[in-house]
Amino acid sequence: MTQYVKIPKERVGVVIGPKGEIKKLIEEKTACQLEIDSESGKIDITCEEDPLKEFRVLETIKAIGRGFSPEKALELLDDEMLMLDIIDLSDVATTPKELQRIKGRIIGRNGRTRELAETLINVKISIYGKTVSILGHPEQNIIIRTAIRMLLDGATHGAVYKFLEKKHQELLQSQLDSVDFY
């Protein structure tokens, strides 16, 4: 079966990589074939044996298309619990100026908000075009989605940092609870 994904033309070169290394790495790692149309940004993915692999490759390519580095996106192939979550900001931003303001709130001064969210919740965040993309486990993605929603709804950065700190503690506690000491 063949699936396809369309990514921004300026990201096609990143999927291919220097001397085709990234494309080759994805193909070797997954036994899938990538057919890339540099003109349109369309990428066909064919995996003969494993439809699940096809989905993981599709998500990996989408992640690169949404601004993640290949190194970060390739983690999707190694960790089957890792998920790509894409939030479309064009639903809330009606003008380019509003979109810029919203992206600025999510990034924070000198990237502090994004960095804090990535560190506390152990996710990766990419803000590209009209989207915010998250690479994390399902429970982590829900937390980041909530924090972004808080920022979009006008919450102060302080309130969002407090929320992230609380969720960080809860994640640590749940990890401790799942460890069997005996």
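As the structure is a computational prediction, the values presented were derived from the model and not from experiment. (Residues numbered from 1 in each chain as written. Predicted model: local features only at pLDDT ≥ 70, side-chain atom pairs only at ≥ 80, totals over all residues. Heavy atoms only, no water.)

### Regarding the overall build of the chain
Here is the rule: Labels follow the DSSP assignment, with helices taken as runs of H or I lasting at least four residues and strands as runs of E lasting at least two, numbered in each case from the N terminus. Exposed residues in this analysis have more than 50% of their type's maximum accessible area, buried residues have under 20%, and partly exposed residues fall in between, with area computed by a 1.4 Å probe over protein chains only. Here, residues are in contact when the closest pair of their heavy atoms is within 4.5 Å. For every accessible area listed, the method is Shrake-Rupley and the probe measures 1.4 Å; residues are considered covered only by the protein chains on display.
Helix and strand content of the chain: 9 helices and 6 strands. Seen through its principal axes, the chain has C-alpha atoms that stretch 55 × 45 × 25 Å. Buried residues in the chain amount to 43% of all 182 residues. Partitioning the contacts of the chain with sequence separation of at least 6, the portion at a separation of at least 24 is 58%. For the chain, the accessible area works out to roughly 10,600 Å², and carbon and sulfur atoms hold 52% of it.

### Focus on the environment of Leu172
Residue position: Leu172 is located in helix α9 (residues 157-177). Spatially, the C-alpha atom of Leu172 lies 33 Å from that of Glu54, the residues being 118 residues apart in sequence.

### Describing the sheet that holds strand β5 (residues 124-128)
Put simply, the rule reads: We call two strands paired when DSSP finds no fewer than two bridges between them. For every element, the axis is a line fit to its C-alpha atoms; helices are fit only across the contacting stretch, and the angle between N-to-C directions ranges from 0 to 180 degrees.
Spatially, the 3 strands line up as an open sheet ordered β4-β6-β5, and their pairing is antiparallel. Strands at the two margins of the open sheet, each flanked by one partner only, are β4 (83-88) and β5. Taking each pair of neighbouring strands and ignoring which way they run, the sheet shows an average axis angle of 15°. The pairing of β5 with strand β6 (residues 131-136) spans 5 bridges and is classified as antiparallel.

### Description of the nonpolar core
Under the convention used in this document: Side-chain atoms within 4.5 Å link the members of a nonpolar core, which is a set of buried Ala, Val, Leu, Ile, Met, Phe, Trp, Tyr and Cys residues.
In terms of nonpolar packing, the biggest core is built from 24 residues, with Leu89, Ile106, Ile121, Val132, Ile144, Ile148 and Leu164 touching the most fellow members. Residue assignment for this core shows that the elements contributing at least two residues are α6 (96-107), α7 (112-121), β5, β6, α8 (138-152) and α9. For this core, the element with the highest residue contribution is α8, accounting for 6 residues. Sequence-distant contacts of Leu164, defined by excluding residues within four places in its chain, comprise Ala117, Leu120, Ile121, Ile143, Ile144 and Ala147. Core analysis: the second largest hydrophobic core is formed by 23 residues, Val5, Val12, Ile43 and Leu74 among them.

### Observations regarding α7
For α7, every residue scored as buried is listed here: Thr113, Ala117, Glu118, Leu120 and Ile121. Residues of α7 that are buried make contact with α6, β5, α8 and α9. Once α7 ends, the next one or two residues include Asn122, with phi positive near 65°.

### Section: the domain arrangement of the chain
We count it as follows: Segment limits for the domains were obtained from an automatic or database-derived domain assignment. The buried area of a pairing is the accessible area, by a 1.4 Å probe, that goes missing from both parts when the two are put together, added over both. Between Lys or Arg on one side and Asp or Glu on the other, a salt bridge is scored when a side-chain nitrogen of the former is within 4 Å of a carboxyl oxygen of the latter. When residue character is reported, Ala, Val, Leu, Ile, Met, Phe, Trp, Tyr, Cys and Pro are called nonpolar, Asp, Glu, Lys and Arg charged, and the others, Gly included, polar.
Structurally, the chain comprises domain 1 (3-77) and domain 2 (83-181). Relative placement of domain 1 and domain 2: their C-alpha centres are 25 Å apart. Listed by partner, the interface residues are 14 residues for domain 1 and 11 residues for domain 2. Here domain 1 packs against domain 2, burying approximately 1,100 Å² in sum over the two surfaces, 65% of which is carbon and sulfur. When the buried surface of domain 1 facing domain 2 is broken down by residue, Arg66, Phe68 and Lys72 rank first, second and third, together holding 56% of it. Along the contact surface separating domain 1 from domain 2 lie 1 salt bridge. Lys124 is the salt-bridge partner of Glu75, the closest N and O atoms lying 3.4 Å from each other. Within the residue set of the side of domain 1 that touches domain 2, elements represented by two or more residues are α1 (9-16), α3 (51-65), α4 (70-73) and α5 (75-78). The biggest single contributor to the side of domain 1 that touches domain 2 is α3, with 4 residues. Counted by class, the side of domain 1 that touches domain 2 contains 5 nonpolar, 2 polar and 7 charged residues.

### Regarding the packing of aromatic side chains
The geometry of an aromatic ring pair comes down to the distance between the two centres and the angle between the two planes. Our working definition: Two rings belonging to Phe, Tyr or Trp (six-membered ring only in the last case) form a pair when the distance between their centres is within 6.5 Å. Interplanar angles under 30 degrees mark stacking, angles over 60 mark edge-to-face geometry, and anything in between is tilted. Distance and angle both matter: a charge sits over a ring if NZ of Lys or CZ of Arg is within 6 Å of the ring centre and within 35 degrees of the ring normal.
Here the structure, examined in full by the defined rule, presents 0 aromatic pairs. Looking at Arg11, its charged tip hangs above the ring of Tyr128, at a distance of 5.7 Å from the centre. Over the ring of Tyr4 we find Lys42, and its NZ or CZ is 4.8 Å from the ring centre.

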